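One-letter residues, chain by chain:
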Amino acid sequence: MLEVKNLRKEYGGLTAVRGISFNLQPGDIFGFIGSNGAGKTTTIRMISTLLEPTSGTAVLNGADIRHDPMQVRRMLGYMPDFFGLYDDVKVWEYLDFFAAIYQVPARQRTQVIDNVLELTDLTVKKTAFVQSLSRGMQQRLCLARCLVHDPQLLLLDEPASGLDPRARAELKELIAELGRMGKIVIVSSHILPELADFCNTVGIIEKGELLACGPVGQIVQGLHAVRILRVRFLGANGDLRHFVEGRPHVKGVELAGDGELRVDFDSDENDQADLLKSIVDAGFKVIGFREEEADLEDVFLKLTTGAVQ
Amino acid sequence: MVEVTRFRRKFFGTGGSAVNGVIVAMSLLIYIGILALVWTYRQDANPILLIYLQTFLFTLLGPAMLHSSIAGERERRSWDFLLVAPVTHGQIVSGKLMGAAAAILACAAVLLLPIGIGALFYDRSHSYFGASSNGTSSFMFLWNLAMAELVSISWGFAVSAMTLLFSARCKRGFVALGTVLAIMVAALIVWPILISAAEVRSSEAGGILNFFHPFWTLAQIESANTSPSEDILWERMYGVPQIVTYIGMTLIFLYWTEKTLRFADGEVKFLPKHKDA
């Protein structure tokens, strides 16, 4: 479990991070969202023990980043937004070097390297030189490096930056798999729709302050007082609109065109089911009924002012 | 060992560029040439002269290997990966030096063969410069040879540790290399010229002023072989103060380097400006 407690970082007169707090459980994939300069990287570098917090702390499975950084380092894998790979070494040598640094026993190293290469789909490149890999492969090698010591927390700073769509999709799947393996993953990214796909929790940061933090749906719900339902039906007439307007929990109805109604609804799924039943029972031919998907981008734009770029 | 592997691949790799092949071929050729020369003129091949050559090599090998060891890590931004690993700064620094130390010891081991030939067959009754002398005893000759070898190796360590320090304190690897080479030129060439120009005649004053100079120390050991003094204890001490000093310098440079890395926030100033916070 990761507990971030009132983490703060000041550089001279500049406060980069202003007392951030959040908790994450094993299996959580936390999307860290913010504009350039918002404080994401500073926060990640503090959690990774690269920067000393001005105040506050973070505790990973009982180990405090301020008082027991070595123990924290054994449990975390850090992938910055640059590759920082050595040239003139082969893929397996590179991983072997980091496995040795992380005190993976020499007898287990070959197996561990094979495992992480398989997980990151780099087995065929085991004996290739690092500099000969494509950008996507180098990114996956970076991730493989983070995994050689089986960390419990992964800090991925802009992992998808500069990758082509296929490499992004592969990386996304890989991160989701790491979450399923029970690791805590913190991912910072600007590509919000992608984060929404695989993150179960997000934190939105601006000017060093955490504006919102929690499950994606909960944050969206928190921002929208009402749920938006989309109802598609056969036969264009205004009767359905009048019928729906009179139903419980309906706050507003609008014809969206193309046989679709946009309904502002202020209750839960049970009441949505009742609404659907009543529409069908009234004889309207419903062919589609759905709640509008949570849009992280909307939430981000609504919460942030874009003051820092 | 990754540092050694990378250095080997960069300059001595056979599967790489043509330049690497040329370097490998030339190194082999020079080594075989030295062996052939020493064997042919084995009675005249003073092994201490080979240690001069070895010391010159070590003066270049340490900086060549380590100038980018920390500055280069920062440049390619792989430094963070070491800092987040469960190793202390002291371990990182000493690990870097061990890479160069391994190369220095390997180089010394390779040169041990021609030095050994010289040690076995060299006719000690005449000096390198042709002036006849009584020569020293076999034991003292071997002792002095061992001292010379240790002076050379400890000098190599000290230069490597100094390079590491400059690599830690400079933003760019080539700046560190330039600085170290400039210091070497100043200390090994310019300084003796200045002393010579100042016409320092007293041997004590010369000894003090040249104390750190490895080639001067080797010359003293060589002269002890060809002109043994009455004072045996003093003769045996040639090179020992320098060895101790070089090892001390190595430790001081390592400590200083480690102190340089201790400022975690200070690392930020070495990194290129990052658009994110």
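Caption draft 1: Up close: the overall build of chain B. On a plain count of helices and strands, chain B comes out with 12 helices and 0 strands. The helix and strand sequence of chain B, counted from the amino end, reads α-α-α-α-α-α-α-α-α-α-α-α. In chain B, buried positions account for 34% of the 277 residues. Put simply, 81% of the contacts in chain B that link residues at least 6 apart link residues at least 24 apart.

Caption draft 2: Inspection of the overall build of chain A at higher detail. Counting secondary structure elements, chain A contains 11 helices and 14 strands. For the C-alpha atoms alone, the extent of chain A along its principal axes is close to 75 × 50 × 35 Å. Across chain A, every contact between residues at least 6 apart in sequence was considered, and the portion connecting residues at least 24 apart equals 68%.

Caption draft 3: Region of interest: unusual backbone geometry. Residue and element names in this part refer to chain A. Positive phi, normally seen in glycine, also occurs at aspartate 121, with a value near 60 degrees. Positionally, aspartate 121 belongs in the loop between helix H4 (106–119) and helix H5 (135–147). Within the chain, glutamate 158 stands out as a residue other than glycine whose phi angle is a positive 50 degrees. Structurally, glutamate 158 can be placed in the loop between strand S7 (153–157) and helix H6 (165–180). For glutamate 158, a count of 20 C-beta atoms within 10 Å gives the class buried.

Caption draft 4: Inspection of the sheet that holds strand S4 (residues 55–60) of chain A at higher detail. All names here are of chain A. Within the open sheet, the 4 strands sit side by side as S2-S1-S4-S5. Their pairing is antiparallel. Pairing within the sheet leaves two strands with one partner each, and these edge strands are strand S2 (14–24) and strand S5 (63–64). The sheet contact formed by strand S1 (residues 2–11) and S4 spans 5 bridges and is antiparallel. Counted as the bridge partner of leucine 2 is leucine 60 from S4.

Caption draft 5: Seen up close, the domain arrangement of chain A. What the domain assignment reports for chain A is domain 1 (2–214) and domain 2 (224–296). Summarising the inter-unit geometry, the C-alpha centres of domain 1 of chain A and domain 2 of chain A are found 42 Å apart.

Caption draft 6: Local environment of H6 of chain A. Residues and elements named next belong to chain A. Counted at 1.5 Å a residue, the expected span for H6 with its 16 residues is 22 Å, and the 23 Å between its end C-alpha atoms agrees. Residues of H6 that are buried sit in contact with strand S3 (29–34), H5, S7, strand S8 (184–188) and helix H7 (192–198). Phi turns positive one or two residues past the end of H6, at glycine 182, with a value near 90 degrees.

Caption draft 7: Main features of the nonpolar core. The biggest cluster of nonpolar side chains holds 78 residues, and the ones touching the most others in it are Phe30, Leu95, Leu155, Val185 and Val187 of chain A. Element by element, the count of residues in this core is highest for H5 of chain A, at 7 residues. Leaving out residues up to four positions away in the same chain, valine 187 of chain A has contacts with Ile29, Phe30, Gly31, Phe32, Leu156, Pro159, Ile175, Leu195 and Cys199 of chain A. Judged by nonpolar contacts, the second largest core, of 46 residues, contains Ile48, Ala71, Ala161 and Ile221 of chain B.

Caption draft 8: Highlighting the sheet that holds strand S11 (residues 227–233) of chain A. Residue and element names in this part refer to chain A. In space, the 4 strands of this open sheet follow the order S12-S13-S11-S14, with antiparallel pairing throughout. Of all the strands in the sheet, just strand S12 (250–257) and strand S14 (286–291) have a single pairing partner and so form its edges. Taking each pair of neighbouring strands and ignoring which way they run, the sheet shows an average axis angle of 20 degrees. Pairing geometry for S11 and strand S13 (residues 260–265), over 6 bridges, is antiparallel. What sits directly across from arginine 230, in S13, is arginine 262.

Caption draft 9: Up close: the pairing of S3 of chain A. Residue and element names in this part refer to chain A. Buried residues dominate S3, accounting for 6 of its 6 residues. With 4 bridges joining them, S3 and S8 adopt parallel strand pairing. From the neighbouring strand, isoleucine 29 faces S8, where its bridge partner is valine 185.

Caption draft 10: Layout of helix H8 (residues 173–197) of chain B. Residue and element names in this part refer to chain B. Relative to the 36 Å expected for 25 residues at 1.5 Å per residue, H8 spans 34 Å between its end C-alpha atoms, a close match to the ideal helical length. Of all the bends in H8, the greatest, near 35 degrees, is centred on valine 190, and the proline proline 192 appears no more than four residues after it. Here H8 has its buried residues at Gly173, Ala176, Leu177 and Val180. Taken together, the buried residues of H8 touch helix H3 (47–66), helix H4 (71–75) and helix H7 (138–169).

Caption draft 11: Broad picture of the environment of isoleucine 47 of chain A. All names here are of chain A. Tracing the chain through its elements places isoleucine 47 in helix H1 (residues 40–47). On the basis of neighbour counts, which here come to 24 C-beta atoms within 10 Å, the residue isoleucine 47 falls in the buried class. Sequence-wise, isoleucine 47 and proline 69 are 22 residues apart; in three dimensions their C-alpha atoms are separated by 9.6 Å. When near neighbours in sequence (up to four residues on either side) are disregarded, isoleucine 47 contacts Val4, Ala58, Ile65 and Leu155.

Caption draft 12: Expanded view of the packing of H3 of chain B against helix H6 (residues 89–121) of chain B. All names here are of chain B. Put simply, H3 and H6 touch, their axes get as near as 10 Å, and they point 160 degrees apart. As summarised for this structure, H3 and H6 are arranged roughly antiparallel, according to the angle between their axes. Seen along the crossing, H3 lies across H6 with a hand that is right-handed. Across the interface between the two elements, Pro47, Leu50, Ile51, Gln54, Leu57, Phe58, Leu61, Gly62, Met65 and Leu66 from H3 touch Lys96, Gly99, Ala100, Ala103, Ile104, Cys107, Ala108, Leu111, Pro114, Ile115, Gly118 and Ala119 from H6. By residue class, the composition of the contact of H3 with H6 is 17 nonpolar, 4 polar and 1 charged.

Caption draft 13: Layout of the packing of H7 of chain B against H8 of chain B. Residues and elements named next belong to chain B. The N-to-C vectors of H7 and H8 enclose an angle of 140 degrees; their axes lie 8 Å apart at closest approach. Viewed along their axes, H7 and H8 adopt a mutual orientation that is oblique. Crossing angle aside, the handedness with which H7 passes H8 is right-handed. The segment H7 lies against H8, with Met162, Thr163, Phe166 and Ser167 engaging Gly173, Ala176, Thr179 and Val180. Per-class residue counts for the contact of H7 with H8 are 4 nonpolar, 4 polar and no charged.

Rules behind the numbers
Residues numbered from 1 in each chain as written. Chains lettered and ligands numbered in written order. Predicted model: local features only at pLDDT ≥ 70, side-chain atom pairs only at ≥ 80, totals over all residues. Helix = DSSP H or I, 4+ residues; strand = E, 2+ residues; numbered from the N terminus. Buried ≥ 20, exposed ≤ 12 C-beta atoms within 10 Å, placed from the backbone. Contact = placed C-beta atoms within 7 Å. Pairing = 2+ DSSP bridges. Domains from an automatic or database assignment. Expected span 1.5 Å × (residues − 1). Core = buried A, V, L, I, M, F, W, Y, C linked by C-beta atoms within 7 Å. Axes fitted to C-alpha atoms, helices over the stretch in contact; angles between N-to-C directions. Bend = angle between axes of the 7 residues up to and from the residue. Parallel < 35°, antiparallel > 145°, perpendicular 65-115°, else oblique. Left-handed = near helix turned anticlockwise from the far one by under 90°. Nonpolar A, V, L, I, M, F, W, Y, C, P; charged D, E, K, R; others polar.

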